[in-house]
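Chain by chain, the residues:
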Amino acid sequence: MPKSDMASLLSSWRQRLARSLHLGRSKPHARFVQLASLGEDGRVQNRTVVFRGFVHNTDQIIMITDTRSDKYIGLQQHPQVELCWYFEKTREQYRVNGEVLTVTSESLDAPLRKQVWHSLSVSAREQFYWYLDKTDVDGIVAKSLIPETFCVLLLQPLRVDYLYLGETHQRTISQLSHNTWQEKPINP
Ligand SMILES: Cc1cc2nc3c(=O)[nH]c(=O)nc-3n(C[C@H](O)[C@H](O)[C@H](O)COP(=O)(O)O)c2cc1C
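No experiment lies behind these values; they were computed from the predicted model shown.

Basis of the calculations
Within every chain, residues take consecutive numbers counted from 1 along the sequence as written. With the structure being a predicted model, the display of local features is reserved for residues of pLDDT at least 70 and the display and counting of side-chain atom pairs for 80 or more, all residues being used for whole-chain, interface and lining totals. Every helix listed is a DSSP run of H or I at least four residues long, and every strand listed is a run of E at least two residues long, numbered separately from the N terminus. Counting other C-beta atoms within 10 Å of a residue's own tells you its class, since 20 or more makes it buried, 12 or fewer makes it exposed, and anything in between is partly exposed; those C-beta atoms are placed from the backbone. Any two residues are considered in contact once their C-beta atoms, placed from the backbone, lie within 7 Å. The criterion for a residue being near a molecule or strand is a backbone-placed C-beta atom within 6 Å of that molecule or strand. Lys, Arg, Asp and Glu make up the charged group, whereas Ala, Val, Leu, Ile, Met, Phe, Trp, Tyr, Cys and Pro make up the nonpolar group; the residues left over, Gly among them, are polar. We define a nonpolar core as a collection of buried residues of the types Ala, Val, Leu, Ile, Met, Phe, Trp, Tyr and Cys that are connected via C-beta atoms lying within 7 Å of each other. A helix's residues, less one, multiplied by 1.5 Å, set its expected span. It is the directions from the helix axis to the C-beta atoms that the arc portrays. A residue's pLDDT is simply how confident the predictor is in it, with values from 0 to 100. Any two strands between which DSSP finds at least two bridges are classified as paired.

Caption draft 1: Spotlight on the overall build of the chain. Helix and strand counts for the chain come out as 6 helices and 8 strands. For the chain, the α and β elements follow one another from N to C terminus as α-α-β-β-β-α-β-β-α-α-α-β-β-β. In the chain, which comprises 188 residues, the proportion classed as buried is 19%. The contacts of the chain with a sequence gap of at least 6 include a subset with a gap of at least 24, amounting to 59%.

Caption draft 2: Structural detail: the site of the ligand. In the neighbourhood of the ligand, 13 residues make up the surrounding shell, with Arg47, Thr65, Ser69, Asp70 and Lys71 lying closest. At the level of secondary structure, the elements contributing two or more residues to the shell around the ligand comprise strand S2 (44-50), strand S3 (61-66) and helix H3 (70-77). At 5 residues, the largest contribution of residues to the shell around the ligand is made by S2. Across the shell around the ligand, the residue classes tally to 5 nonpolar, 4 polar and 4 charged.

Caption draft 3: Seen up close, the environment of threonine 104. Residue placement: threonine 104 occurs in the loop between strand S5 (92-103) and helix H4 (110-119). In this structure threonine 104 touches Thr67 and Cys151, once residues within four positions along its chain are discounted.

Caption draft 4: Representation of the nonpolar core in the model. Judged by nonpolar contacts, the single largest core of 25 residues is most densely connected at Leu83, Val152, Leu153 and Leu155. Every element with two or more residues in this core is listed here: helix H2 (12-23), strand S1 (32-38), S3, strand S4 (80-87), S5 and strand S6 (150-164). Here this core gets 8 residues from one element, more than from any other, and that element is S6. Discounting residues that sit within four places of it in the chain, leucine 155 has contacts with Gln60, Ile61, Met63, Val81, Leu83, Val96, Gly98 and Val100.

Caption draft 5: Local environment of H2. The end-to-end C-alpha distance of H2 is 17 Å, a good match for the 16 Å that 12 residues give at a rise of 1.5 Å each. The complete set of buried residues in H2 reads Trp13, Leu17 and Ser20. The arc enclosing the buried residues of H2, seen along the axis, measures out at 60°, which places them on a common side. For H2, the secondary structure elements touched by its buried residues are S4, S5, S6 and strand S7 (170-177).

Caption draft 6: Main features of the confidence of the model for the chain. In the predicted model, the chain carries a mean pLDDT of 90, and 87% of its residues have values of at least 70. For residues 1-7, every residue scores under 50 in pLDDT, and the model assigns this stretch 2 contacts once sequence neighbours within four places are set aside.

Caption draft 7: Up close: the pairing of S7. The sheet contact formed by S6 and S7 spans 6 bridges and is antiparallel. Among the inter-strand pairings, tyrosine 164 is bridged to a residue of S7, identified as glutamine 170. Linking S7 back to strand S8 (residues 180-186) in an antiparallel pair, the connection comprises 2 residues, with histidine 178 at a positive phi of about 50°.

Caption draft 8: The arrangement of unusual backbone geometry in detail. Phi at asparagine 57 is positive, roughly 60°, even though this residue is not glycine. Turning to its location among the elements, asparagine 57 is positioned in the loop between S2 and S3. Non-glycine residue asparagine 179 carries a positive phi angle of around 65°. Counting through the fold element by element, asparagine 179 comes out in the loop between S7 and S8. Taking the number of C-beta atoms within 10 Å as the measure of exposure, asparagine 179 has 5 and is therefore exposed.

And the structure:
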C-alpha cells in the first residue's frame, strides 16, 4: 500500500503523533516516554522508557523491559498504564491510557519477540546481560541469543489525551469505542 493511503487509514491521533515524531526526529529524547503503572502493592510507579514503534498495522505501542523489573511484576496484576509523552520542539503532550500485554519467553508470540530483539542496538541488548562477565556477553550478543528475561511490552491505547501548548491551546480526547476512535475537542 502506498504510504499516503496508509496515512489516511490511521486514526487522527496516530496521524498527529506521526507528525510529532517526524518533526522531533533529530532529537533522540523525542522517543523517551514516561510510563506510569501500578506496583504489586497498588501504588503508582513511573519511569522513562524508549518508544520502539508500533506493531505493523495496529495501534499497539512497542516498548521493552526485563522480567526482573518492578514494572513487569506489577503489570502481571495491573495491566492498566498511562504513558506521557512531551515533544519539546512542537510543544505537544500526548497521554496514552490503555492496557499492556507482556510478551516473554513463555508467550505464544515468539516471532514478534524475536523481531523486536533483533531490531535493538548492541548496547540495548547488552543491558540484559548486566549479571554476566563481559567476555560471555560478547559471545552471547554475537550469537544473537535472546535472553530469558527479555520482555516486550505492547500497549493497546484506549484513550489518548492530546494537548498543544502553542499560541492557542488545543486539547483533544480520542476514545476507542467498539473498535472505532471517537474524537472530541475539549475547551478549557
Ligand atoms: C533515557 C532512559 C531510557 C530508558 N529506557 C528504558 C526501557 O526502554 N526499558 C526499561 O525497562 N527501562 C528503561 N529505562 C530505565 C527505567 O527508567 C527504570 O529505571 C527501570 O526500567 C526500572 O524501573 P522499574 O523499577 O519501575 O521497573 C530507561 C531510563 C532512561 C533514563
